[in-house]
Amino acid sequence: MQSAPVRLGNTALDILSRFEWLGPLLLRLVFGWFWLETGWAKLHNLEFFSARFVEWGIPFPTLSATLSGGVDLIGGALLILGLGTRLITIPMIVNMLVALAVVVLPTISTFNEFVELDEVLYVAVLFWLLMAGPGKASLDHLIAGRLRSR
């Protein structure tokens with residue numbers, strides 16, 4: 001016979017497991033909105049962002065800023081929908097790795113500074129989405145279920 005605290009713990013875990021779809025959904029909605037807004041800002045201030053890309057020495061600055069903004073905007077929208085989640089995280093990770101390598105890492109001197117970078121957190125979250133997928137409350141999950149039932 002289980003003790004009361006063990007039963008309560010099992011009940012709490014059962015309840016949490018029924019709502020585990022909320023975690024990935026909330027992450028995708030918030031993170032997707034962040035990227036959607038970032039992309040929108042880049043594309044609507046393209047001259048400014050192209051000038052920044054020139055400062056950073058990124059080749060083809062206008063094209064690169066446009067692609068970066070497009071990846072952010074489209075990627076954010078797809079993350080919100082949970083559509084093509086694993087696929088879209090790849091160019092988004094590449095975007096962040098370029099930002100890390102070209103813009104941020106030259107200013108970092110310690111590991112502690114590195115792990116506190118926003119870009120490192122962004123790469124970690126995107127990598128998690130790449131590996132774990134968008135969760136049950138997503139168009140990817142809905143489409144996969146329909147394809148399996150055929």
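Residues numbered from 1 in each chain as written. Predicted model: local features only at pLDDT ≥ 70, side-chain atom pairs only at ≥ 80, totals over all residues. Heavy atoms only, no water.

Draft legend 1. Just the packing of aromatic side chains, in detail. For the structure shown, the criterion picks out nine aromatic pairs. Where F34 meets Y122, the ring centres are 5.2 Å apart and the plane angle is 40 degrees; that geometry is what we call tilted. Here the residue F34 occupies a position in helix α2 (residues 22-44), and Y122 occupies one in helix α7 (residues 118-132), the gap between them amounting to 88 residues. Relative to Y122, the ring of W35 has its centre 5.3 Å away and its plane inclined at 80 degrees; by these criteria the two rings are edge-to-face. Of the two residues, W35 is situated in helix α2 and Y122 in helix α7; the sequence distance between them amounts to 87 residues. Grouping aromatic residues by their ring pairs yields a cluster made of F31, F34, W35 and Y122. (Phe/Tyr/Trp six-rings, centres within 6.5 Å; stacked < 30°, edge-to-face > 60°. Helix = DSSP H or I, 4+ residues; strand = E, 2+ residues; numbered from the N terminus.)

Draft legend 2. Examining the pattern of salt bridges more closely. Summed over the entire model, instances satisfying the criterion amount to two salt bridges. Note that D72 and K42 form a salt bridge whose closest N and O atoms lie 2.8 Å from each other. Placement of the pair is D72 in helix α4 (residues 61-81) and K42 in helix α2, with a sequence separation of 30 residues. Given a relative accessible area of 12%, K42 falls into the buried group. For E55, the salt bridge identified is with R52, shortest N-O distance 3.7 Å. Residue E55 and its partner R52 are located together in helix α3 (residues 46-55), separated by three residues, close to a single helical turn. Relative accessible area serves as the criterion here: at 59%, E55 is assigned to the exposed category. (Salt bridge = Lys/Arg side-chain N within 4 Å of Asp/Glu carboxyl O. Buried < 20%, exposed > 50% of the residue type's maximum accessible area, 1.4 Å probe, protein only.)

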